[in-house]
Structure formats: C-alpha cells, structure tokens
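The chain contents come next:
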Amino acid sequence: MAEKRVATVSRKTKETDIFCELNLDGTGEASVDTGIGFLDHMLTSFAKHGFFDLKLTCKGDLNVDSHHTIEDCGIVLGSCIKKCLSDKMGIKRYGSFLLPMDETLVLCAIDLSGRPYLNFDASFDVERVGYFDTEMVKEFFYAISYSAGMNLHIKVLDGSNAHHMIEAMFKGFSKALDEASSKDERITSILSTKETLC
C-alpha cells in the first residue's frame, strides 16, 4: 500500500495562531475550530467531499474582524496541500468539477503546476453569511492558490443564494483537488514535458 500523504503546518503571528494537519488520502474526517462557524462548516465540507482528513484550529483576532482568520487559514491549508504533494510524482495534475447546489452552479478547475494564479468570478448580494464576510471568499482562495502553488479557477455560472454559492465553491474545490492530486499508474514520473512542476 502506498504511503499516505500527510502534512502538518503551524503558523503563529500577532493576528492568528493556526495548526493544520491534512491527509490527502483520508476518508473525509474533519475536526475544525476557527471561531467562525460558517468557515468551520465550509472546511468540514471540503474535507468530506474531497475524502481528505483535516484537523485545523485557529485562534484569531476576531475582535477586529474575520479577515486575518479567514485569509491565514487559507495560507496554512495551502501550505499543507503543497507539503502533502511533495515532488508531485505520479499525480494527474489537473482536476475540474461542475457542482450544482439548488439554484447554484459552480465550476472549479485546478492545475497543480507550481505556478500560482487565481481566476475568481463571483459576486454576492449580501455582506456576510453568519460571521463570515463574503468579500473574504476570494481572499481565502487567493491565499490557497498562492501558498499551494496552484492555478485555480472558480466561476459561479448561476446562483443567487450566498450560502449556496460559497458552499458550492468549497465542495467544487475539494472535488477538483481530489482529482488533480490523485495518482494514475500510467504516470510514472511527473506529468510535464519540462519534467518538473515547481
């Protein structure tokens, strides 16, 4: 049996204190406590639908606002993804998913190229869902894309309910990442004509 791809990252600043453990080859188990209920819900959905095991705790300056907690959780989760992937030997590299959720339809596509880029196309009619500021959705995925070194496209094709739109993004992201990070026995080295993904 192949060795499971597991990584831990700790990050402490004056604004947040975060610990994350990620297993890309898990079963979807999650234990998440960020102090923001909706973010906990989204990260638990990410783990469940991508079959990742995730432990994440964050103590942030929520007395200021949600910005630092949400952005820094993205940085740490992206760093964990990068560590789990290591040299990227044998992975499919590309993944995409079209996820429906009631009236909402979201497209997510990933290239684990090592070159960070975010293309985010969504807008919200409300300022927050629970204690989660909707303007932070883009910042979260930006942080992941740059700390993980991935090309990430997220596009809301249809939708009106902010909760549904954000949840579809997190679930679509998890499904696309599961595909991109999975191994294919036909890929005996690295899926690149340059023979490197960095």
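Residues numbered from 1 in each chain as written. Predicted model: local features only at pLDDT ≥ 70, side-chain atom pairs only at ≥ 80, totals over all residues. Heavy atoms only, no water.

Turning our eyes to something else, we now look at the pattern of salt bridges. If you walk through the whole model with that rule in mind, you get eight salt bridges. Asp72 is the salt-bridge partner of Arg11, the closest N and O atoms lying 3.2 Å from each other. Taken together, the residues Arg11 in strand β1 (residues 6–12) and Asp72 in helix α2 (residues 67–85) connect sequence positions 61 residues apart. Note on Asp72: relative accessible area 5%, which makes it buried. (Salt bridge = Lys/Arg side-chain N within 4 Å of Asp/Glu carboxyl O. Helix = DSSP H or I, 4+ residues; strand = E, 2+ residues; numbered from the N terminus. Buried < 20%, exposed > 50% of the residue type's maximum accessible area, 1.4 Å probe, protein only.)

Attention now moves to the sheet that holds strand β3 (residues 30–33). Taken together, the four strands give an open sheet; going across it, the order is β1-β2-β4-β3, and neighbouring strands pair in mixed fashion. Pairing within the sheet leaves two strands with one partner each, and these edge strands are β1 and β3. Strand-to-strand twist in this sheet, taken as the mean axis angle between neighbours without regard to direction, amounts to 5°. In this sheet, strand β4 (residues 53–60) lies alongside β3 in parallel orientation, the contact comprising four bridges. Of the residues in β4, the one forming a bridge with Ala30 is Leu54. (Pairing = 2+ DSSP bridges. Axes fitted to C-alpha atoms, helices over the stretch in contact; angles between N-to-C directions.)

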